[in-house]
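# Analysis of the macromolecular model
Below are the chains, spelled out letter by letter.
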Amino acid sequence: MVMVFYGSNGKSNPVSMENKVEHQTENQITCDIHLPSDLGMLYKVRLGLQSLENNISQLSLRHFKIQNTSTLDTFSLTINKTLPLSPNGDRWIEFPIQWPLKEALSVVTYHVTVFSRNILSERNVVHITACIYGTHGDTGDRSLLQSLQNEQQGEKNESFLVIMDAVDLGELEKIVLLISSKTDCKLDIKKLHVQEAAKEHPIYVFEVDEEFSVDANKPKIQREIPGSFVIRGEKQKNDTDNNLNKEGSQVKKLTEYTIKVYTGDKRGAGTDANVHIILFGSEDKSEVFQLAHSLEHQNPFERGKVDTFKIKTKRLGSLRSIEIGHDGKGFASGWFLEKVEITDAARNSMHCFSCNRSVDQSIITLYMLFSF
């Protein structure tokens, strides 16, 4: 059993109950957990099973109680649920923490509709999880191939529905997909729709439009999908293309950029910190992107390595400069950045931004060296 704690300033690493039990009776486990003080005020807990892939026995949960040993503030909740929630269902539950005199968030049922070409035919050999991020936190990695509903298959298109419960995420921002397979195969994923089950709108649309080449002998593929647009209206049809033409739809034209980051080949050049980037063009600037999921390496920004990232953002015009920096966290946060190369898919052009110096915790601005 694993727990993740969310606070106003961030979330904890997964906390395993193994070796943390202080007291145990037949139906009760008590343990002491030391959380980082910089989490701020706790507002939700995710509780689940360590593995999403192995067959394990059921876990029945009856009651949860947490007490702040410094302030003695106490929260308790009757759960009465068994994991997995169905024979092949979700192995995680989460719930808000209601502290005295504090307003708690509510639990929301989300409908995630996946549009693809061949996932259903490969479901027995592939494993796909999605972590949905919003302004109030994230869902953690949830399987997209458990307890599927509303399956629809055509000659070239298919769709299916996944239902997950989570503490209210607020405005949805991005989805991180994690894909692996027991055999070599190609998965063609078109897009994902996310909406609250109790509401017809808004519908958050995450366009993927990518064929993933999955190798059984390689690590899992990670892909960060930013929100493409939001459909807002009184009546919604199931067909996405019709939705885009309805009055009230809000559509952003997105441009894809491929970002190659070159870390210097010298002692201490790599970093474990969280790196972010902003792109500046002749027409606009992008939002802040966290460069977390390298296409080549599980641990990005290591000495002498090149890491590739794909992002989608609004139309920026011709790229002029970038701002890049990191938060200084991690054991080895110093970073020697050699250069950044950015390819604009829409313009079929590549831009080089040279650095050749150490990047500390502050943001540095790099101007375009050349493009072609």
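The structure displayed is predicted, hence computed values, not measured ones.

### Regarding the overall build of the protein chain
Summing up its helical and strand segments, the protein chain has two helices and 30 strands in all. For the protein chain, the computed accessible surface area is about 20,200 Å², with 44% contributed by carbon and sulfur atoms.

### A word on the side chain of Asp 188
Residue placement: Asp 188 occurs in strand β17 (residues 185–196). Overall, the relative accessible area of 18% leaves Asp 188 in the buried class. Once residues lying within four places of it in the same chain are set aside, the contact partners of Asp 188 are Ser 116, Arg 117, Asn 118, Glu 210 and Glu 211.

### Observations regarding the packing of aromatic side chains
Counting across every chain of the model gives four aromatic pairs. Pairwise contacts between aromatic rings join Phe 301, Phe 309 and Trp 335 into one cluster. Over the ring of Phe 115 we find Lys 191, and its NZ or CZ is 5.3 Å from the ring centre. Directly above the aromatic system of Tyr 262 lies the positively charged group of Lys 339, at a separation of 4.6 Å from the ring centroid.

### Some words on the confidence of the model for the protein chain
Scored by pLDDT, the protein chain comes out at a mean of 83, with 85% of its residues at no less than 70. Counting contacts from residues 234–241, a segment whose pLDDT is below 50, to residues more than four positions away or on other chains yields 14 contacts. Here residues 243–251 scores under 50 on pLDDT; set against residues more than four positions off or in separate chains, the count is 17 contacts.

### Here's the deal with the sheet that holds strand β24 (residues 289–290)
Here four strands make up an open sheet; going across it, the order is β24-β23-β26-β29 and the pairing antiparallel. The outermost strands of the open sheet, each flanked by one partner alone, are β24 and β29 (364–367).

### Some thoughts on the pairing of strand β23 (residues 275–281)
When you tally the buried positions in β23, you get six out of seven residues, the bulk of the element. Alignment of β23 against strand β26 (residues 319–326), held across seven bridges, turns out to be antiparallel. Looking at the pairing, Ile 277 lines up with Ile 324 of β26. Here two bridges tie β23 to β24, and the two strands are oriented antiparallel to one another. Bridge pairing links Ile 277 to Phe 289 in β24.

### Brief notes about the pattern of salt bridges
Inspection of every chain in the model, using the stated rule, returns 15 salt bridges. The closest approach of N and O atoms between Lys 199 and Glu 196, which form a salt bridge, is 3.7 Å. For the salt bridge of Arg 347 with Asp 344, the shortest nitrogen-to-oxygen distance reads 3.8 Å. Residue classification places Asp 344 among the buried residues on the basis of a relative accessible area of 1%. Connected via shared salt-bridge partners are Lys 11, Lys 44, Arg 46, Glu 94, Asp 138 and Arg 142.

### Here's the deal with empty space enclosed by the protein
A complete count under the given rule lists one cavity of 30 Å³ or more for this structure. In this structure, the largest cavity spans a volume of roughly 90 Å³. Contributing to the lining of the largest cavity are Val 208, Glu 210, Arg 223, Glu 224, Ile 225, Pro 226, Glu 256, Lys 310, Ile 311 and Lys 312. The element that contributes the greatest number of residues to the lining of the largest cavity is strand β19 (residues 221–226), accounting for four residues. Formed jointly, the lining of the largest cavity draws a minimum of three residues from each of two domains, domain 2 (107–231) and domain 3 (255–367).

### Points about the nonpolar core
Ranked by internal contacts, the top residues of the largest apolar core, which has 35 residues, are Val 112, Leu 144 and Leu 177. Those elements that provide at least two residues to this core are β10 (107–116), α1 (119–122), β11 (126–134), β15 (158–167), β16 (172–181), β17, β18 (203–214) and β19. Discounting residues that sit within four places of it in the chain, Val 112 has contacts with Ile 132, Leu 144, Phe 160, Leu 161, Val 162, Met 164, Leu 192, His 193 and Val 194. In terms of nonpolar packing, the next biggest core, distinct from the first, is built from 24 residues, Tyr 257, Leu 291, Ile 322 and Ile 364 among them.

### Points about the environment of Ile 231
With respect to the element layout, Ile 231 can be found in strand β20 (residues 229–231). Take Ile 231: its relative accessible area is 1%, and that puts it in the buried class. Expressed as a C-alpha distance, the spacing of Ile 231 and Gln 195, which sit 36 residues apart in the sequence, is 10.0 Å.

### So, the pairing of β19
In terms of residue burial, β19 counts as a mostly covered element, since five of its six residues are buried. Here β16 runs beside β19; their pairing, made up of six bridges, is antiparallel. Paired with Leu 178 across the bridge in β19 is Gln 222.

### So, the side chain of Glu 341
Take Glu 341: it is sitting in strand β27 (residues 335–344). Separated by 3.2 Å, the side chains of Glu 341 and Lys 339 make a polar contact. For Glu 341, the contacting residues outside a window of four places in its chain are Thr 258, Ile 259, Lys 260, Tyr 262, Met 350, His 351 and Cys 352.

### Here we look at the environment of Arg 123
Following the sequence through the fold, Arg 123 ends up in the loop between α1 and β11. In this structure Arg 123 comes out as partly exposed when scored by relative accessible area, which is 30%. In this structure, the C-alpha to C-alpha distance between Arg 123 and Gln 146, residues 23 residues apart in sequence, is 9.5 Å. Apart from residues lying up to four places away in sequence, Arg 123 is in contact with Leu 145, Leu 148 and Glu 151.

Rules and cut-offs
Residues numbered from 1 in each chain as written. Predicted model: local features only at pLDDT ≥ 70, side-chain atom pairs only at ≥ 80, totals over all residues. Heavy atoms only, no water. Helix = DSSP H or I, 4+ residues; strand = E, 2+ residues; numbered from the N terminus. Areas by Shrake-Rupley, 256 points an atom, 1.4 Å probe, with all protein chains shown as cover. Buried < 20%, exposed > 50% of the residue type's maximum accessible area, 1.4 Å probe, protein only. Contact = heavy atoms within 4.5 Å. Phe/Tyr/Trp six-rings, centres within 6.5 Å; stacked < 30°, edge-to-face > 60°. Lys NZ or Arg CZ within 6 Å of the ring centre and 35° of its normal. pLDDT = per-residue confidence, 0-100. Pairing = 2+ DSSP bridges. Salt bridge = Lys/Arg side-chain N within 4 Å of Asp/Glu carboxyl O. 1 Å grid on protein atoms, 1.4 Å probe; cavity = no way out; pocket = protein on both sides within 12 Å on 5 of 7 lines; lining within 4 Å. Points joined across faces, edges and corners; volume = space filled by probe spheres on them. Domains from an automatic or database assignment. Core = buried A, V, L, I, M, F, W, Y, C linked by side-chain atoms within 4.5 Å. Polar contact = N/O pair within 3.5 Å; in protein donor to acceptor, adjacent residues only side chain to side chain.

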